[in-house]
Amino acid sequence: MTTQFEIIDNLNYIPVLDHGFCGLIETLGSDDAVCDAARVSYGAGTRSSRDNRGLIRYLVRNGHTSPLEMTAIKLHVKAPIFVLRQMFRHRTHSANENSARYSIMSDEFYLPSDEQIKPQSQNNKQGRAGEIDAISKHGVRWIMQTAYENAYAAYNVLLGEREGSEEHYNAYSDESPLLSADFPGIARELARSVIPVAVYSEMYWQQSLHNMFHLIKLRSDNHAQYEIRQYANAIYELIKPKFPICCEAFDDYVRNGVSLSHMELILLKEILTHDQTWLKEQITNRTPIEFASAYNLTLREAKDFCVRFDIDF
Ligand SMILES: Cc1cc2nc3c(=O)[nH]c(=O)nc-3n(C[C@H](O)[C@H](O)[C@H](O)COP(=O)(O)OP(=O)(O)OC[C@H]3O[C@@H](n4cnc5c(N)ncnc54)[C@H](O)[C@@H]3O)c2cc1C
């Protein structure tokens, strides 16, 4: 397993979380190559770099994304397995991951920093929010660390490696042995079952710019888990210098843009025909539920709408 220490001086790598990283191995294509592919459909026309910028912005703004697929980005990623599992949900990739059937698993586990240890969010079932006292944070880290150590010791025992594991597994006493004296260990592919998903694994990952934009959009969003957000942001930092114009267009039209539902559009039209005072009155004169249901919005949608326009709700 590659350590953070080994990549720390490599400018193509960014350390992520406590033991992970993202590295840019190579890219195929460029802003110009995206334009060349697009011009097959639009004809040669003019080819100045200013024209390229206009063309790319047109492509991204209008969802004509196939020219962005004429690219490839190869990454080296080391992350906790629960992060890799979220990345693998993005099916438009090719990947090759470290094999825990073939090699011994890493003893590096993700231990969240104090500031990331938070309670379950009350209004987002997939998130964390609020604060926990300092003593409990310390306790949480200790409990996690101890669980990792116990799991790794169990892994070693199952592999037939007893040395160093006795303090966790004193079942080797002569009186009541759990395993026979000549226990050879079980296969790595089975022994790994006891390892938690916080363990680090590494992989090579290849994707086109178009599909990587999709991943970055979803996984750098505030709704995504903090840990994968760090990876999405690091990947974006690595690819920006390779495709600066595409990334600028992506920022302007996709990443920092919003799409509105039909109900939100109707509400927006009403706002534009009144002024902000009108909207504030609508919100304060009704309960949030009454306000939301007047526009066929859920409470959450109404709240998101107001947040988008910096209006208190
Ligand atoms: C905040 C957040 C929470 C999530 N929570 C969960 C969860 O609780 N449980 C869970 O299982 N997943 C969850 N996911 C994963 C999510 O449902 C998607 O699987 C993941 O984000 C990949 O998105 P995608 O399918 O658009 O991307 P990709 O797999 O990269 O696909 C890109 C696009 O290709 C097309 N495509 C690819 N494969 C197919 C196909 N088989 N059929 C049709 N079209 C296809 C689609 O248009 C798709 O948008 C979550 C994702 C996010 C961002």
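You'll find the structure just up there.
Notes on the structure follow. (Residues numbered from 1 in each chain as written. Predicted model: local features only at pLDDT ≥ 70, side-chain atom pairs only at ≥ 80, totals over all residues. Heavy atoms only, no water.)

1. Some points on the site of the ligand
Taken together, Arg89, His90, Arg91, Thr92, Gln126, His214, Leu218, Arg219 and His223 make up the full set of residues near the ligand. Between the ligand and Thr92, the relevant distance is 2.8 Å, taken from an oxygen atom to a side-chain nitrogen or oxygen of the residue. Bound to the protein, the ligand loses 48% of the 940 Å² it would expose on its own. Residues belonging to the shell around the ligand are distributed by class as follows: one nonpolar, five polar and three charged. (Near = heavy atom within 4 Å. Polar contact = N/O pair within 3.5 Å; in protein donor to acceptor, adjacent residues only side chain to side chain. Areas by Shrake-Rupley, 256 points an atom, 1.4 Å probe, with all protein chains shown as cover. Nonpolar A, V, L, I, M, F, W, Y, C, P; charged D, E, K, R; others polar.)

2. Side note on the nonpolar core
Val77, Phe213 and Ile239 are the most contacted members of the largest nonpolar core, which has 54 residues in total. No other element matches the seven residues that helix α8 (residues 226-239) contributes to this core. Every residue in contact with Val77, bar those within four places of it in the chain, is listed here: Phe21, Cys22, Leu84, Met87, Ser201, Glu202, Met203 and Tyr231. (Core = buried A, V, L, I, M, F, W, Y, C linked by side-chain atoms within 4.5 Å. Buried < 20%, exposed > 50% of the residue type's maximum accessible area, 1.4 Å probe, protein only. Helix = DSSP H or I, 4+ residues; strand = E, 2+ residues; numbered from the N terminus. Contact = heavy atoms within 4.5 Å.)

3. Comments concerning the pattern of salt bridges
As enumerated under the stated definition, the model contains 12 salt bridges in all. With a closest N to O distance of 2.8 Å, Arg53 and Glu248 form a salt bridge. Here Arg53, found in helix α3 (residues 49-61), pairs with Glu248, found in helix α9 (residues 244-255); they are 195 residues apart in sequence, far enough to count as distant. For Arg53, a relative accessible area of 35% translates into the label partly exposed. We note a salt bridge from Glu189 to Arg101, for which the minimum N-O separation is 2.6 Å. Taken together, the positions of Glu189 in helix α6 (residues 188-191) and Arg101 in the loop between β4 (94-97) and α5 (134-158) put the pair 88 residues apart, joining distant regions of the chain. (Salt bridge = Lys/Arg side-chain N within 4 Å of Asp/Glu carboxyl O.)

4. Focus on the packing of helix α7 (residues 209-219) against α9
As a packed pair, α7 and α9 sit with axes 12 Å apart at the nearest point and diverge in direction by 45°. Classified by the interaxial angle, the pair formed by α7 and α9 is oblique. Here the hand of the crossing between α7 and α9 comes out right-handed. Residues Leu209, Phe213, Ile216 and Lys217 of α7 form the contact with α9, whose own contacting residues are Cys246, Cys247, Phe250, Val254 and Arg255. Tallied by class, the residues present in the contact of α7 with α9 amount to seven nonpolar, no polar and two charged. (Axes fitted to C-alpha atoms, helices over the stretch in contact; angles between N-to-C directions. Parallel < 35°, antiparallel > 145°, perpendicular 65-115°, else oblique. Left-handed = near helix turned anticlockwise from the far one by under 90°.)

5. Some words on the sheet that holds β4
Reading across the sheet, the five strands line up as β1-β2-β3-β5-β4 and stay open at both edges, with antiparallel pairing between neighbours. The open sheet has two edge strands with one neighbour each: β1 (13-16) and β4. Each neighbouring strand pair of the sheet contributes to a mean axis angle of 20°, computed without reference to strand direction. Pairing between strand β3 (residues 72-80) and strand β5 (residues 200-207): eight bridges, direction antiparallel. Looking across to β5, one finds that Pro80 is bridged to Tyr200. α7 contacts β3 and β5 of the sheet and is inclined by roughly 135° relative to β5. (Pairing = 2+ DSSP bridges.)

Note that every value here comes from positions in space, so none of it alone points to a role or purpose.
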